Amino acid sequence: MRNYVIKGNICYSRTRKELCIVENGYVVCRDGKSAGVYELLPESYEAFPCYNYENKIVIPGLVDLHVHAPQYPFRGLGMDQELIDWLNTHTFVEEAKYADLDYAGRAYDIFAEDLRNSATTRACVFGTIHADATLLLMEKLENAGITAYVGKVNMDRNSPKCLCEESAERSAGDTQRWLHDSRNFKHVMPILTPRFTPSCTDELLEKLSELQKRYHLPVQSHLSENLGEIAWVKELCPGTEFYGESYDRYGLFGNSCPAVMAHCVHSGEAEMDLMKRRGVFVAHCPESNANLVSGAAPVKLYLERGIRAGLGTDIAAGSSLSIFKAMAAAVQCSKLRWRLYDQSVAPLTVEEVFYLATKGGGEFFGKAGSFEEGYEFDAVVMDDSSIRSPRELRVRERLERLIYLAEDRHIAAKFIGGREIFRER
Ligand SMILES: [Zn+2]
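Residues numbered from 1 in each chain as written. Predicted model: local features only at pLDDT ≥ 70, side-chain atom pairs only at ≥ 80, totals over all residues. Heavy atoms only, no water.

### Concerning the coordination of the zinc ion
The protein atoms that coordinate the zinc ion are His66 (NE2), His68 (NE2), His222 (NE2) and Asp314 (OD), at distances spanning 2.1 to 2.6 Å. Its four donor atoms give the zinc ion angles of 85 to 170° at the centre, a pattern that matches the irregular case. Within one chain, the residues donating to the zinc ion are spaced in sequence as H-x1-H-x153-H-x91-D. Here histidine 222 lies in strand E11 (residues 219-223) and histidine 66 lies in strand E5 (residues 62-68), a separation of 156 residues in the sequence. The two residues histidine 66 and histidine 222 agree in class, both being buried. (Donors = N, O, S within 2.8 Å, 3.2 Å for Na, K, Ca; no water. Tetrahedral: all angles 85-135°; square planar, octahedral: opposite > 155°, others 65-115°. Helix = DSSP H or I, 4+ residues; strand = E, 2+ residues; numbered from the N terminus. Buried < 20%, exposed > 50% of the residue type's maximum accessible area, 1.4 Å probe, protein only.)

This is how it looks when you write it as structure tokens:
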């Protein structure tokens, strides 16, 4: 059913500064899209069935712009290591296992089920280099009802043997076959996924660029995560002024190729300028940046300059699949950044992190992440009645508290693009 009304305390962002709250109001779903938020239900919608969530909090679904599905099995492990040790001990060992479809199936069942039970409605997901396992991941996310971009990863250099594709040709060929086989999903879409510049030869990026043009695909990758990586890219790509150019020179950095780049912790002026001009999305992953000692991204500055941005969990460099936790971490990370080394960029506000988690990231999917009229109807109903307090809290305070305290068990219902994922658990 695609036409209905939800009654409750409706909270959503219009801009990064404007958080709208309509207490005991109504949000209308018509043909899978929002038909607006109302204090009193217009007569024309009175015939729609109404789900009464009076006194609960209704928010747009949360968006995870950067998550590695195959890393989910080792979340929370190796969190005291730095990047290279962590990659060698955990990441590469785990990702190699996805050559085995039986293992992939078991792992992706858990990932898809946990994502379904979370407040995340849309996600940009990395798979592995394995086309068949990535198709399996897409199938499981489709069955879970999640709207997602999913990518088969490309890597043909500077990678451990078990994860290094034998040639650019082979990598692109497997990608083309995977694209062909993934065309029938309804809510899960393919996205080109060069792991990052150090793991992709020029020849491979050239071939991915051809595929991008032929199939009009978006792209996801990593950018300017840490200083060692940035220096390495400069060495690998003579003639580039900054990291982003290593994607841009193959047309894989915005404009006609929608792009989402994880991290952007150390992007300089020229890189920021290009991201803004090309409409590149930043996937800010604060927990990951702390765990891997990458640093603190100047996200507030990105927002002030009109660079598009959302949040990512970056499982398993981030330990939690919860975008609520990513919101809290984003505030904390921006405060440390401000205190420790840059008083010119103020910490993020509650309004800003809520915006990043909903509309900011949602717009990578088009009109998603808000209840403004015409937006995809993604909604999550939060029942916070079990979070006890003797205080009488206003709705705004309850929302603020959820950023820090929400758990999956507080989710009473979830809808994506008007589709009911679950209700009244
Ligand atoms: Zn990542």
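### Focus: helix H5 (residues 202-215)
Since there are 3.6 residues in each turn of an α-helix, residues three or four apart along the chain are aligned in direction. The terminal C-alpha atoms of H5 lie 20 Å apart, and with 14 residues this matches the ideal 20 Å at 1.5 Å per residue to within 8%. The set of residues buried in H5 consists of Leu204, Leu205, Leu208, Ser209, Leu211 and Gln212. Each buried residue of H5 sits inside an arc of 165° when the element is viewed along its axis, so together they form one side. Check the buried side of H5 and you find it contacts strand E8 (153-154), helix H4 (168-181), strand E10 (193-194) and helix H7 (244-248). Positive backbone phi, at 55°, marks histidine 216, one or two positions downstream of H5. (Expected span 1.5 Å × (residues − 1). Arc of directions from axis to C-beta. Contact = heavy atoms within 4.5 Å.)

### So, the domain arrangement of the chain
Taken domain by domain, the chain holds domain 1 (4-60 + 371-423) and domain 2 (62-365). Just the C-alpha atoms count here: the centres of domain 1 and domain 2 sit 29 Å apart. Across the contact, 32 residues belong to domain 1 and 32 residues belong to domain 2. Roughly 2,700 Å² is buried in total at the junction of domain 1 and domain 2, and carbon and sulfur atoms are behind 59% of that figure. Contact with domain 2 buries area across many residues of domain 1, yet Arg16, Ile403 and Tyr404 alone supply 28% of it, more than any other trio. Here domain 1 is connected to domain 2 by five salt bridges. There are 14 residue pairs in polar contact (both at pLDDT 80 or more) connecting domain 1 and domain 2. The element contributing the most residues to the side of domain 1 that touches domain 2 is helix H13 (residues 395-405), with six residues. (Domains from an automatic or database assignment. Buried area = accessible area lost by both parts, 1.4 Å probe. Salt bridge = Lys/Arg side-chain N within 4 Å of Asp/Glu carboxyl O. Polar contact = N/O pair within 3.5 Å; in protein donor to acceptor, adjacent residues only side chain to side chain.)

### A short note on the nonpolar core
In terms of nonpolar packing, the biggest core is built from 111 residues, with Ile59, Phe111, Val125, Leu141 and Met275 touching the most fellow members. With eight residues, the top contributor of residues to this core is helix H3 (residues 131-144). Inspection of this core shows a minimum of three residues originating in each of domain 1 (4-60 + 371-423) and domain 2 (62-365). Excluding its chain neighbours within four sequence positions, the residues that come into contact with valine 125 are Val67, Ala69, Phe111, Leu137, Leu141, Ala148, Tyr149, Val150, Gly151 and Gln220. Counting 19 residues, the second largest nonpolar core, distinct from the first, contains Ile10, Tyr53, Val381 and Ala413. (Core = buried A, V, L, I, M, F, W, Y, C linked by side-chain atoms within 4.5 Å.)

### Digging into the pairing of strand E16 (residues 411-416)
Among the six residues in E16, six count as buried, and that is most of the element. Direction of pairing for strand E15 (residues 379-382) relative to E16: antiparallel, over a ladder of four bridges. Its bridge partner being in E16, methionine 382 is matched across the sheet by isoleucine 411. Count of turn residues in the E16/strand E17 (residues 419-423) antiparallel hairpin: two residues, of which glycine 417 carries a positive phi of about 55°. (Pairing = 2+ DSSP bridges.)

### Section: the environment of phenylalanine 92
Positionally, phenylalanine 92 belongs in helix H1 (residues 83-96). Phenylalanine 92 sits in the buried class, given a relative accessible area of 14%. Every residue in contact with phenylalanine 92, bar those within four places of it in the chain, is listed here: Leu87, Met155, Pro160, Leu163 and Arg195.

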